[in-house]
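Topology and contacts: notes
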2 protein chains.
Amino acid sequence: MLLWRDGAVRETTVSAFDLADRGLLLADGVFDTLLVLNGQPFRAEAHRARLLGDAAALGFAIDPAAVEAAVGALAAAIGDGVVRVTATRGPGPRGLRPPAEPTPSLFATAAPLTPGLMFRPVRLAISPIRRNETSPTSRHKTLAYLDSVMAAEAAARAGFDDALMLNAAGRVACGTMANVFAVFGRRLVTPPVADGVLPGILRAEVVAAAAEAGLAAEERPLTPDELVRADGAFLTNSVRLVSPVTAVGTAAFAGAADAAIAAIAGVVRGRVAKACGAALPA
Amino acid sequence: MLLWRDGAVRETTVSAFDLADRGLLLADGVFDTLLVLNGQPFRAEAHRARLLGDAAALGFAIDPAAVEAAVGALAAAIGDGVVRVTATRGPGPRGLRPPAEPTPSLFATAAPLTPGLMFRPVRLAISPIRRNETSPTSRHKTLAYLDSVMAAEAAARAGFDDALMLNAAGRVACGTMANVFAVFGRRLVTPPVADGVLPGILRAEVVAAAAEAGLAAEERPLTPDELVRADGAFLTNSVRLVSPVTAVGTAAFAGAADAAIAAIAGVVRGRVAKACGAALPA
């Protein structure tokens, strides 16, 4: 894994770090993960804007030029891979209250692509851990990611690929690291941010690209019953792009939406290839 | 702030650290905070047992001898202060899934006591951020602490000392870093762990010490209405010990429970003084 810090790319992730950093002690920070192909990050501006917005929601500022430099340097170094940018509020005194003048920490890592992850179909368990839509951590990509870690781990132990998370009200929210879309005929439905959902960059891409695939996309609340009775479903995230959902718990999809999912996956594949100037890995 | 790491106490918290550590990237870790007086940690065994149990709940092991060494070394160095032990699952590859063989990270810090914090009365805002009782992070002291950070910050901006957090079901849970007790005559009521509450060491101390103060303590669900109609309330945590609550939102307590709260605070003060062999700061 490559590390960018203080303007330099290094081959090791071990670095001098203040262990009083609030990102480490209190999950007081944000991150962003983006896809790089052919040395070109996909939708870098949208990713950067969300990261800066997430930090602003927590009450600290990130230097956009530093983020751009980190992503650019790691994208050039990794060629095809995944870049993660992490920004914390920086070190602080004991206790919850942040310092009046925070000195945020910024670093980024890059790793090679995991072969076969893009467009891979997934079977989802329904997690007993609910997504907390009353918490800002449900709609901002913060370091408080342990619920997703535990939900994914329990799903894997039960033989599933990932977990579907409902919110406290019992409505469909998202995967542990992905947005979810249900397919009804030619209509795509994805839950609104207010239901405890991250405004994913690929989620926005799919909404914007739906018409190109002959589909209509709509944001509205979705119940688990509606989801399992849909023609099909898929997850979106910035690395896996479009992951067809083959089953939710014991309910398997019959394949009625396969053509629609293939159509949106094809459009997304084309947009990524065009933006990065490279064919996607098979 | 003093840092313990790898067996040594240092005067700086800056240290070589793997920035791929899952504690930093995903809040995948646990911590514990304990009070030290006269070089003696209060209830070190109970704190250590909870820390090890929290890590086990996340699926990784901590060496109890290393925790004991860290707390002992920092307690001796700080004299009167607060020691925080942090343990993470350690570094991992990209993504949510932990490595099959984790190599946990352990470090600890010590800071002097903040004068006047013990037994200080507090006014509480009711936070719009709910405590998620479906999440293991509600009953284990994990690094996913951002909800509490944001709830405390919003309360402070609104002129309160701390926030009261309700759970998703609308029942009383806790403060942002403290358990809560309501006082009804000579009865103390504190919400059960199942309602999204950390099993605090001071919470257990108060339950155990209640009879000594002429009080009866009970764990049961508590509604916000019951709380504001109680004779009084207090928070407990390992540093502040017993903090009388003077108001919840716009509802001030009339003082009917002042004698009961003073009685339990006095018993706790005596137990801490006895265990540490030192008078508490005024």
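Residues numbered from 1 in each chain as written. Chains lettered and ligands numbered in written order. Predicted model: local features only at pLDDT ≥ 70, side-chain atom pairs only at ≥ 80, totals over all residues. Heavy atoms only, no water.

Looking now at the packing of aromatic side chains. All names here are of chain B. Summed over all chains, the structure comprises 7 aromatic pairs over all chains. Relative to Phe107, the ring of Phe17 lies with its centre 6.4 Å away and its plane at 80°, an arrangement referred to as edge-to-face. Here Phe107 lies in strand 7 (residues 105-112) and Phe17 lies in strand 3 (residues 14-18), a separation of 90 residues in the sequence. Of the two residues, Phe17 and Phe107, neither departs from the other in class, the shared state being buried. Summarising the aromatic geometry, the rings of Phe31 and Tyr145 are spaced 5.3 Å apart at their centres and angled 75° between planes, so their arrangement reads as edge-to-face. (Phe/Tyr/Trp six-rings, centres within 6.5 Å; stacked < 30°, edge-to-face > 60°. Helix = DSSP H or I, 4+ residues; strand = E, 2+ residues; numbered from the N terminus. Buried < 20%, exposed > 50% of the residue type's maximum accessible area, 1.4 Å probe, protein only.)

Looking now at unusual backbone geometry. Residues and elements named next belong to chain A. Of note in this structure, Arg43 is not a glycine but carries a positive phi near 55°. The residue Arg43 is located in the loop between strand 5 (40-41) and helix 2 (44-58) in this model. The phi angle at Leu241 is positive, at roughly 65°, despite the residue not being glycine. Relative to the assigned elements, Leu241 resides in strand 15 (residues 241-248). Here Leu241 falls in the buried class, since its relative accessible area comes to 0%.

A regular strand places its side chains on the two faces of the sheet in alternate fashion. Residues and elements named next belong to chain B. One ladder, built from 3 bridges, connects strand 11 (residues 179-184) with strand 12 (residues 187-190); its direction is antiparallel. Looking at strand 12, one finds that Val183 is bridged to Leu188. Bridge count between strand 12 and strand 13 (residues 216-219): 4 bridges; the pairing is parallel. Residue pairing in the sheet places Leu188 in a bridge with Ala217 of strand 13. With helix 5 (residues 201-209) bridging strand 12 and the parallel strand 13, this β-α-β connection has right-handed handedness. (Pairing = 2+ DSSP bridges. Right-handed = clockwise from strand over helix to strand, strands pointing away.)

Limitation: the analysis is restricted to geometry and does not speak to function.
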